[in-house]
Amino acid sequence: MPRIGIFVCQCGNNIAATVDTKKVAEEMARLPGVVFACDYKFMCSSPGQDMLKQAIKDNRLDKVIVSACSPHMHEKTFRKASEAAGLNPYQCEITNIREQCSWVHHDKTKAAGTAKSIDLTRMTIERLKKNKPLKKINIPIKKKALVIGGGIAGIQAALDIAEGGREVILVEREPSIGGNMARLSETFPTMDCSQCILTPKMVEVELNEKITLYTYSEIEKVDGYIGNFIVQIRRKAKYVDEERCTGCGECIEKCPFKVESQFEMKLAKRKVIYTPFPQSVPNVPVIDAPNCPKIQKDKCGACAVVCGPKCIDFKMEDRIITEDVGAIIVATGYELMPNERFGEYGYGRIKDVISGMQFERLASSSGPTGGEIRRPSDGKTPASVVFIQCAGSRDEKKGVSYCSKVCCMYTAKHTMLYHHKVHEGQSYVFYMDIRAGGKRYEEFVRRAIEHDNAMYLRGRVSRVYEKDGKVIVQGADTLSGNQVEIEADMVVLATAIVSRTGADTVAQKLGIGYDKYKFYNEYHPKLKPVETVTAGIFLSGACMGPMDIPDSVAQGSAAAAKALSLFSSDEMMREPITAVVNKPTCNACWDCVTACPYSAIERDTVKNRDGVVVRWLAKVNDGVCQGCGVCVAACRSKAIDLKGYTDEQVYAAINAF
Amino acid sequence: MKIKLTKGAIENPLIRQLERVSGEELKRCYQCGKCSAGCPVTFAMEIPPSQIMRFLQIGMMDDVMKANSMWVCVGCLQCYARCPQSVSVANVLEGLRQLHLRKGEDREQIKDVPFPFLKNAPQQAIVCGFRKFVS
């Protein structure tokens, strides 16, 4: 016979108002197997926990029930207390008589609440009788991290992990790290030059011995689980030997072919063999194979002729390398929504309608105009510029319903840059709301309006068209209730931030969730902001949603801290609530394999003495299993059970009702 | 109404003069509307105080000059007391009155004021009224 102890919590008045806790305890004490029962004001308080420990010792209890709040709140607390008193922690169960009982009953006579609490606790008793002691799972940890994406978030994460003494692999799709931040001219609200604060970090990444940098590379496949991921990385052919290249740039100079530069947002051209920008890290050019006549048609080859160290190899092919890592940080960043989608703004049709990122390049001292604001159509300095905010954001019909968060701030910054560079110019900003939540952000916007002459107009723009070399903008100012027409020289759209093309594919490879906009889901929006549902995979930066630089950097550091804390011990302990396959009854239908959202079930074999496979059966990988129970429901032969929630336990509880 | 917004319109010299006369910086107003909310005579104004500020910001001086708002304002300074940006709409309206009076239009002569009225009016009203003659 088990020796069960029952502790009924009053939770101040939360439970006691509608449940007669004393009566619940008395009723429970009468049941077979129950040797101790009491009620108490706050079981979760220190005296409450001490009482639990003392009762376990005094009454030689081997199983305990705390009838209190949801197990989400204090299951851990009471299991720890039980463990401290010498019990297996999984012999402690919680009955939820608060959220599922006292809070939903308003009967002040306490009749309904008390009866329900008695029933619920009785069910738990029968369930607990079938509980088996469980042991936490130990998983070995490979103390090496993989960071996907070399923008500011990924750079920060990689640097912090390296600083913590652990090895990091940084994978970047483009030929250089730096990401979108490398494109920016100056950064709000302090107006420091983006390159000036970013490039030192990029160089630090290159020089840090703990960081292995794989640029022009993509994630091919991810296997394994927390502490033990096996990652395949595709190293795309650069056609330039990274080891031998000195970065002299002779090949770039001699290359006779030019194409539109993606880095310059199509405002300038680049050579076919190129580095995206002068401060690229690594400073090794790559050949843009689809546009290279040598690779496509075996014509030219000028770069190879002038290359001193002879490091150009037109026959180079993609390589797949495999790396073992313990944690993965995803920092794949964002891109901008195609502006052509909004016909009314004339982007793509009118040359002088540009995107915010293009304006960044115009204002950047390393940009196509050397930092002078000149409009794309004729190179003239615009005397008036109209900035249109929410171009795609907060537009359920044609764009996205969310706010892109950074546009209010960067538009204010653009008006300042414009005023600083073109003193006589007039800027107009069409906005819906000014969202300047952040340290010194509101003051920044006010400065743009009050000191840098930005004319803010509250309303959207409905029409943009060309007339006599001017761009006519027709909008509204709802504050004065007028339709407004402006003859502008240039229009800048604050384009919506969207997730990267292919973000969903990456998420599927990693087994992490994403929302309808393909932004990655954090485990909990407030309390687990950089974790994912897949243990060991962390997020940082704008891959989770629009984010500014300070937030991205903070998240990079946060994700790095998570990885480092994982690496702080050789093994990690995990809750033993995992699925287990009953080998004799498994008939290898693989329904569980299909059903498992975490890819935690493998196809295992049974071999005879000669090594011949005689049977197939499912096997649960404890490291990956999250204990969701989907496989249990899917199994046709009832061969899978969830530890701590076995069929036997659940049926016992139901039968007791 | 449709307006054409230009640098010239925003930098209307008359509005700049108003800023000098009133000592208020119009750009400071961020259109929260607290002045209109608290003004005891908003109900009688053709254009409420916050809209006066907006109209002036975007260069609509003529509309403001035509409206009765500046004459309805009693100068109680409720707007200034409440304004989070420390803008005094009362000062702006006083500035508008000044500018209007300086134009010298519809100037009245003392002799045109009926004597019985002059005799019975409180002295304060006469002193205030004299601004109409001297401004």
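What you see is a predicted model; the values in this text were computed from it and never measured. (Residues numbered from 1 in each chain as written. Chains lettered and ligands numbered in written order. Predicted model: local features only at pLDDT ≥ 70, side-chain atom pairs only at ≥ 80, totals over all residues. Heavy atoms only, no water.)

A. Expanded view of the overall build of chain B. Broken down by element type, chain B carries 11 helices and 1 strand. Listing every helix and strand of chain B by position from the N terminus yields β-α-α-α-α-α-α-α-α-α-α-α. In terms of principal-axis extent, the alpha carbons of chain B reach across some 50 × 30 × 25 Å. Scored against the burial criterion, the 135 residues of chain B give a buried share of 41%. (Helix = DSSP H or I, 4+ residues; strand = E, 2+ residues; numbered from the N terminus. Buried < 20%, exposed > 50% of the residue type's maximum accessible area, 1.4 Å probe, protein only.)

B. Layout of the interface of chain A and chain B. Across the boundary between the two partners, chain A contributes 23 residues, which contact 22 residues of chain B. Between chain A and chain B, the buried area comes to about 1,900 Å², and carbon and sulfur atoms account for 45% of it. Together, Glu450(A), Leu479(A) and Glu485(A) form the three largest contributors to the area buried by chain A at its contact with chain B, with a combined 30%. Connecting chain A to chain B are 4 salt bridges. Between Arg54(B) and Asp477(A) there is a salt bridge, with the nearest N and O atoms lying 2.7 Å from each other. For the side of chain A that touches chain B, the secondary-structure elements that each account for two or more residues are β22 (426–431), α12 (441–450), β23 (455–458), β25 (470–477) and β26 (482–488) of chain A. With 6 residues, the top contributor of residues to the side of chain A that touches chain B is β26(A). Of the residues in the side of chain A that touches chain B, the class split is 8 nonpolar, 8 polar and 7 charged. The pairing of β26(A) with strand β1 (residues 2–5) of chain B spans 4 bridges and is parallel. The partner of Gln483(A) across the bridge, within β1(B), is Lys2(B). (Contact = heavy atoms within 4.5 Å. Buried area = accessible area lost by both parts, 1.4 Å probe. Salt bridge = Lys/Arg side-chain N within 4 Å of Asp/Glu carboxyl O. Nonpolar A, V, L, I, M, F, W, Y, C, P; charged D, E, K, R; others polar. Pairing = 2+ DSSP bridges.)

C. Main features of the pattern of salt bridges. All names here are of chain A. Scanning the model with the defined rule gives 46 salt bridges over all chains in all. With a shortest N-O distance of 3.2 Å, Glu-531 and Lys-562 are connected by a salt bridge. With Glu-531 in the loop between α13 (503–510) and β29 (537–539) and Lys-562 in helix α14 (residues 549–567), this residue pair connects regions lying 31 residues apart in the sequence. Of the residues examined, Lys-562 reaches a relative accessible area of 35% and is grouped as partly exposed. Salt bridges linked by common partners bring Asp-352, Arg-375, Asp-378, Lys-380, Lys-470 and Asp-489 together as one network.

D. Spatial organisation of the state of the cysteines. Residues and elements named next belong to chain A. Counting across every chain of the model gives 1 disulfide over all chains. There is a disulfide in this structure between Cys-193 and Cys-196, and the S-S distance comes to 2.5 Å. On the S-S bond that ties Cys-193 to Cys-196, the torsion sits near 85°, and the link is right-handed. There is no disulfide at Cys-245, and the cysteine sulfur nearest it, in Cys-311, is 4.6 Å away. No disulfide involves Cys-631; its sulfur sits 6.2 Å from that of Cys-625, the nearest cysteine. Judged by relative accessible area, which is 8%, Cys-631 ranks as buried. (Disulfide = S-S within 2.5 Å.)

E. Up close: the sheet that holds β23(A). Residues and elements named next belong to chain A. What the 5 strands build is an open sheet, ordered β20-β27-β21-β22-β23; its pairing is parallel. Both edges of this open sheet fall to β20 (353–355) and β23, since each of them pairs with a single strand only. Taking each pair of neighbouring strands and ignoring which way they run, the sheet shows an average axis angle of 25°. In terms of strand pairing, strand β21 (residues 384–391) meets strand β27 (residues 490–495) through 5 bridges, oriented parallel. Paired with Ala-391 across the bridge in β27 is Thr-495. Each of β20, β21 and β27 is contacted by helix α10 (residues 356–363), which is oriented at about 90° to β20, the strand it contacts most. (Axes fitted to C-alpha atoms, helices over the stretch in contact; angles between N-to-C directions.)

F. The arrangement of the domain arrangement of chain B in detail. Taken domain by domain, chain B comprises domain 1 (7–103) and domain 2 (108–135). Placing a centre on the C-alpha atoms of domain 1 of chain B and another on those of domain 2 of chain B gives a separation of 26 Å. (Domains from an automatic or database assignment.)

G. Layout of the environment of Gly502(A). Residue and element names in this part refer to chain A. As for its position among the elements, Gly-502 is in the loop between β28 (497–499) and α13. The partly exposed category is assigned to Gly-502, whose relative accessible area is 28%. Considering only alpha carbons, one finds Gly-502 and Cys-407, 95 residues apart in sequence, at a separation of 24 Å.

H. Structural view of the nonpolar core. By size, the foremost hydrophobic cluster in this structure holds 135 residues, and its most contacted members are Val464(A), Leu5(B) and Leu96(B). Apart from the residues lying within four places of it in its own chain, the contact partners of Leu96(B) are Leu18(B), Ile52(B), Met61(B), Val64(B), Met65(B) and Met70(B). In terms of nonpolar packing, the next biggest core, distinct from the first, is built from 34 residues, Val19(A), Ala81(A), Cys92(A) and Ile118(A) among them. (Core = buried A, V, L, I, M, F, W, Y, C linked by side-chain atoms within 4.5 Å.)

I. Structural detail: the domain arrangement of chain A. Taken domain by domain, chain A comprises domain 1 (4–129), domain 2 (139–236 + 318–333 + 511–566), domain 3 (238–315), domain 4 (336–498) and domain 5 (579–656). One C-alpha centre belongs to domain 1 of chain A, the other to domain 3 of chain A; they are set 71 Å apart.

J. Spatial organisation of the packing of α10(A) against helix α11 (residues 407–421) of chain A. Residue and element names in this part refer to chain A. Contact pair α10 / α11: the axes reach a minimum separation of 11 Å and the direction vectors enclose 30°. Considering the relative orientation of α10 and α11, their crossing is left-handed. The segment α10 lies against α11, with Gly-356, Phe-359, Glu-360 and Ala-363 engaging Tyr-410, Lys-413, His-414, Leu-417, Tyr-418 and Lys-421. (Left-handed = near helix turned anticlockwise from the far one by under 90°.)

K. Molecular detail of the packing of aromatic side chains. All names here are of chain A. Per the stated rule, a full pass over the model turns up 9 aromatic pairs over all chains. Centroid distance Phe-7 to Phe-36: 5.4 Å. Interplanar angle 45°. Geometry classified as tilted. Taken as a pair, Phe-7 in strand β1 (residues 4–9) and Phe-36 in strand β2 (residues 34–40) lie far apart in primary sequence, 29 residues in all. With relative accessibility at 22%, the residue Phe-36 sits in the partly exposed group. Of the aromatic side chains, those joined through ring pairs into one cluster are Tyr-402, Tyr-517 and Phe-519. (Phe/Tyr/Trp six-rings, centres within 6.5 Å; stacked < 30°, edge-to-face > 60°.)

L. Representation of the pairing of strand β24 (residues 461–467) of chain A. Residues and elements named next belong to chain A. Direction of pairing for β24 relative to β25: antiparallel, over a ladder of 6 bridges. Bridge pairing in β25 links Lys-467 to Lys-470. As consecutive antiparallel partners, β24 and β25 are separated by 2 residues, and within that stretch Asp-468 has a phi angle of approximately 50°, a positive value.

M. Layout of the confidence of the model for chain B. Residues with a pLDDT of 70 or more make up 92% of chain B, whose mean pLDDT is 89. The element-level mean pLDDT for chain B is lowest in helix α11 (residues 131–134) of chain B, coming to 60, with helix α4 (residues 49–57) of chain B highest at 96. (pLDDT = per-residue confidence, 0-100.)

N. Quick peek at the pairing of β22(A). All names here are of chain A. In terms of burial, β22 is a largely internal element, 6 of the 6 residues being buried. The alternating pattern of β22 places Gln-426, Tyr-428 and Phe-430 on one face and Ser-427, Val-429 and Tyr-431 on the opposite face, and all of these are buried. Inspection of the sheet shows β21 paired to β22 by 5 bridges, in the parallel sense. Pairing of Phe-387 across the sheet is with Val-429, part of β22. As a crossover connection, the stretch from β22 through α12 into β23 is right-handed. (Right-handed = clockwise from strand over helix to strand, strands pointing away.)

O. Highlighting helix α5 (residues 152–163) of chain A. All names here are of chain A. Compared with an ideal rise of 1.5 Å per residue, which puts 12 residues at 16 Å, α5 spans 16 Å between its outermost C-alpha atoms and is within 8% of the ideal. The buried fraction of α5 is high, at 10 of 12 residues. All of the buried residues along α5 are Ile-152, Ala-153, Gly-154, Ile-155, Gln-156, Ala-157, Ala-158, Leu-159, Ile-161 and Ala-162. Where α5 is buried, its residues touch β6 (144–148), β7 (167–171), α6 (194–207), β10 (211–214), β18 (327–330) and α14. Immediately downstream of α5, the backbone of Gly-165 shows phi near 90°, a positive value. (Expected span 1.5 Å × (residues − 1).)

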